Structure formats: structure tokens, C-alpha cells
Amino acid sequence: MTTNERLGLEDCRRIVIKIGSALLVDRKTGLKKAWLEAMCDDIAQLAAKGVEVLVVSSGAIAMGRTVLDLPSGALKLEESQAAAAVGQISLARAWSESLSRHDIVAGQILLTLGDTEERRRYLNARATISQLMKLKAIPVINENDTVATSEIRYGDNDRLAARVATMVGADMLVLLSDIDGLYTAPPHLDPEARFLDFIPAITPEIEAMAGGAASELSRGGMRTKIDAGKIATSAGCAMIIASGKVYNPLASIAKGVRHSLFAPSPEPVTARKTWIAGQLLPAGRLVIDEGAERALHTGKSLLPAGVRDIEGDFSRGDTVAILSLDGREIARGLAGYDAQEARQIAGKKSAEIADILGYSGRAAMVHRDDMVMTATRQTRSKTKDKIDA
Ligand code: GLU
């Protein structure tokens, strides 16, 4: 995909649209009904053209806060869980009513991190979502904030939406919030910041451009949007970041209003590898030397000899992150050994494994079929210039 070959939303087969809290909920007056209805007009138009649409809607906590009249400022975990319990009911009803104006049925799906990270639950959630789509109902998805605790939650719907997009094999993810796209630097801080309308690949330079900013109502800033982009594009799904601060934001994108488009990876990884790459909580980390890093970039397996350090307590088959000596994540993969055995054979030649472990194990610490690169090859000098500048 190049700048000239933009995929129109109408040409997509399946689109996931993520809607930020601030677009749907006003802190004082609650639901922005007119905006939601205009949004549903856009969705109905796409649906009428045969595009399958899934919605990831934030706003439960913001809505619950307004209904319960909670003071502004950060909420404690229990407070946001309670606010979400109250707000999610109104949010789901609002979607269902607004879509029904177009004779479209909505189905609510509340997911937790475990539902996308544990393979069995992932397959189960995916089956329910596909069944809804078969029945021509539009899934309206949110994190199940009332039961998600801080260690085991997404916390932001950008990455959740990207996970959903890969789960259903969507070809487009649209992130609508109060940010109209990616800039070379935070535009409110740097007058020289340039807007990027097309991002062919998420390189370390692009990642460095994402600041950490988030507005009061939403949790995700540009950082989580870029993380979402990595999850989506590596699975072959394009991503758009656009402002939702207008009525009919999808129709506006079609008319050419400014937005950032991230191209899908030209070599999307298989569904299984997509699942590995998108794991949010790897069970351990393997730090590898430069020789092994080069080997990985040429498509080789990770051998014990190249492993310098091992962190975490993982079992064989768990997902581990593979890091360079300077701490950059290079790849993710399924561990070929339990952590304890991996520690015994780290740095050793494959021929020595049998003597050390007492049985002849696998030659690879992480086999290439179970591994997916999560970083492009580092262009050291450019990144350094960026940091120095
Ligand atoms: N799940 C949260 C909610 O519905 C929103 C998370 C986010 O802002 O990304 O309130």
C-alpha cells in the first residue's frame, strides 16, 4: 500500500472502529446522543455496502462517573469498577437504540485480558464474535472493567481494539479519539511538529515519536495507539488514526479529512504467530547477544548459545519476550524449555545440551516457527540522531 493506493473504508471487508470516551460522553451532560446517532448513520452506510463493522466503545467509566456524580480527578480501582458497572448499562443501551434506528441489532461483548491471552478463551471469544457477525448483529465491545483488576487489564481500548481486529481478521482498524493522527513530536509542545499522513511501517523512529499524553477521560495516548498499530499491522490489518471531534467521522475520512494511515505489513504473519506477537504479558524474558540478534533477523531459530540472561519463571510453551543486550524487544516466541532448564543451558552449545540436562532436548531455545519478530532491524545511526537532536 502506498500513499496513492489508499484503501477506502467502503472497500474494506471487515472494519473495527474504536471510539474514545471523550467523543461519546460529556463530563457534565453525559451521553452525546447526537454524535452517537451520526456515528450510527456512518456505520449503517458501511453495513449497507456489505462492510462488516465491529465497534469497540469506550465510555463506561466516564458515563458511570456522570451518572453517579463522582468528583473529577483520578478514581480508585474499586471506584472505576463501580462506575463501569453503572456506565456500561447506559452505554450498551445507547448503542442498541441508536443502531436500531437503522434496523441493526447490537450485541454486547465484554472482554478481559484473559479472554484474548489464553488460547482456549481466545478461540471461544472469537467464535462468539463470528457468530454475532453471521447473524448480522454488530458486536459492541468493551473491556469488562468491573472485573478487570489493575495487573490483568488492558486499561486502554486502543490495544484491545487491535487485538479484536487481529482476532476477527479485520482489514482495517480505525481509532477515533480527540487526536487527528500522528505527528513527528507532540504538537502542543513543539511548533515544528509535522503531521504524518502515511506511515508505511512502524519503525523505531516512528515509535520514538509517540509521547505518553492522554486526556482526562481516556486512558490511551499516542503510545497505546502505536502499540495498537504494531499489533494490527503485523497481522496484515491497516490502521487509521482520525479525529472523532466532528459529526460523521467515517464519512469525513472518506471525504479526505486529515488522518494518519498505517500500512499493513506486506508479509503478515500467520494467525498463530499473530497471537504470539500480540501477547501483552510474556511470562519471561530472554536477553540475547548480538550474533543471535543478527541470526534472528535472517529468520533463524534462537539457539541456547546466544542466550545471555533469563528472567521470569516460565514453562515450556509459554510466551517469552526476546530482548537485545541493550534491552530492546526484538521478538516474541514460545519457550522450548522451562525457565529452570533454560538457565542451565543458556550460553551452551546445542551439542552440550544432552550432557547438561540428561536427555537430548530440542536444539532451539525458541524455534523459528514459534517466533515472530516484533521490531524491525535497528537502524542505529538514525535512531541515535533522533535522540541527540
Ligand atoms: N474501558 C474503558 C471505559 O469504557 C475505557 C478505556 C479507554 O479509555 O481506552 O470506560
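Residues numbered from 1 in each chain as written. Predicted model: local features only at pLDDT ≥ 70, side-chain atom pairs only at ≥ 80, totals over all residues. Heavy atoms only, no water.

Undergrad: Please clarify how the overall build of the protein should be interpreted in this entry.
TA: A tally of regular secondary structure across the protein gives 15 helices and 17 strands. In summary, the protein has a C-alpha radius of gyration of 22 Å against a globular reference of 21 Å for 389 residues, a match within 12%. In the protein, which comprises 389 residues, the share counted as buried stands at 51%. In the protein, of all internal contacts separated by at least 6 residues, the share reaching a separation of at least 24 is 73%. Per element, the accessible surface of the protein, about 18000 Å² overall, is 51% carbon and sulfur. When the 49 basic and 49 acidic side-chain charges of the protein are each reduced to a single mean position, those positions are 2 Å apart. (Helix = DSSP H or I, 4+ residues; strand = E, 2+ residues; numbered from the N terminus. Rg over C-alpha atoms; globule rule 2.2 N^0.38 Å. Buried < 20%, exposed > 50% of the residue type's maximum accessible area, 1.4 Å probe, protein only. Contact = heavy atoms within 4.5 Å. Areas by Shrake-Rupley, 256 points an atom, 1.4 Å probe, with all protein chains shown as cover. Lys, Arg positive; Asp, Glu negative; His and termini not counted. Charge placed at Lys NZ, Arg CZ, Asp CG, Glu CD.)

Undergrad: Would you mind showing me how to read the site of the ligand here?
TA: Residues in close proximity to the ligand total 12 residues, the closest being Ala60, Ile61, Asn142, Asp145 and Asn157. Residue Gly59 places a main-chain N or O atom 3.1 Å away from an oxygen atom belonging to the ligand. Within the backbone of Asn157, a nitrogen or oxygen atom sits 2.7 Å from an oxygen atom of the ligand. Across the complex, the protein chains shield 99% of the 300 Å² of accessible surface that the ligand would expose by itself. Looking at the shell around the ligand, its residues break down into 2 nonpolar, 7 polar and 3 charged. (Near = heavy atom within 4 Å. Polar contact = N/O pair within 3.5 Å; in protein donor to acceptor, adjacent residues only side chain to side chain. Nonpolar A, V, L, I, M, F, W, Y, C, P; charged D, E, K, R; others polar.)

Undergrad: Quick question: what am I supposed to make of the confidence of the model for the protein here?
TA: Residue-level pLDDT values for the protein average 87, and 91% of them are 70 or greater. When the criterion is pLDDT under 50, residues 212–219 qualifies, and its contacts beyond four places in sequence or with other chains add up to 19 contacts. Across residues 379–389, where pLDDT falls below 50, the model places 8 contacts with residues more than four positions away in sequence or in other chains. (pLDDT = per-residue confidence, 0-100.)

Undergrad: Whenever I open this one, helix 2 (residues 33–48) confuses me. Can you help?
TA: Each α-helix winds once per 3.6 residues, and so residues spaced three or four apart point in a common direction. Over its 16 residues, helix 2 extends 22 Å from the first C-alpha to the last, a length consistent with the 22 Å expected when each residue adds 1.5 Å. Looking at the residues trailing helix 2, positive phi occurs at Gly50, about 90°. (Expected span 1.5 Å × (residues − 1).)

Undergrad: Before we go on, may I ask you to explain the sheet that holds strand 6 (residues 138–143) in this structure?
TA: One key point about sheets: their strands pair by backbone hydrogen bonds, in either a parallel or an antiparallel sense. Sheet architecture is open: 8 strands sit in the order 5-6-4-1-7-11-12-10, paired in mixed fashion. Taken across any chain shown, the strands that pair with only one partner, and hence form the sheet edges, are strand 5 (106–111) and strand 10 (198–199). Across 2 bridges, the pairing between strand 4 (residues 52–57) and strand 6 is parallel. Its bridge partner lying in strand 6, Val56 is registered against Ile141. In this fold helix 7 (residues 157–167) packs onto strand 1 (14–19), strand 4, strand 5, strand 6 and strand 7 (172–177), with an angle of close to 170° to the strand it touches most, strand 1. (Pairing = 2+ DSSP bridges. Axes fitted to C-alpha atoms, helices over the stretch in contact; angles between N-to-C directions.)

Undergrad: Just checking my understanding: could you explain the environment of Ile288 for this structure?
TA: You can see Ile288 is positioned in strand 13 (residues 284–288). Taking the C-alpha atoms as reference points, Ile288 and Gly306, separated by 18 residues in sequence, lie 5.5 Å from one another. Setting aside residues no more than four positions away along its own chain, Ile288 makes contact with Glu293, Leu296, Leu302, Gly306, Val307, Arg308, Ile322, Leu323, Ser324, Leu325 and Ile330.

Undergrad: I'm lost on the pattern of salt bridges in this one. Help?
TA: For the structure shown, the criterion picks out 18 salt bridges. Where Glu10 meets Lys49, a salt bridge forms, and the shortest distance between an N and an O atom there is 3.5 Å. Taken together, the residues span a long stretch of sequence, with Glu10 in the segment before strand 1 and Lys49 in the loop between helix 2 and strand 4 at a distance of 39 residues. With relative accessibility at 48%, the residue Lys49 sits in the partly exposed group. Among the salt bridges present, the one from Glu207 reaches Lys230, with a minimum N-O distance of 3.1 Å. Within this pair, whereas Glu207 is found in helix 8 (residues 204–209), its partner Lys230 is found in helix 9 (residues 222–234), the two being separated by 23 residues in sequence. Its relative accessible area of 25% is what places Lys230 among the partly exposed residues. Members of the salt-bridge network, linked through shared partners, are Lys33, Glu37, Asp41 and Arg101. (Salt bridge = Lys/Arg side-chain N within 4 Å of Asp/Glu carboxyl O.)

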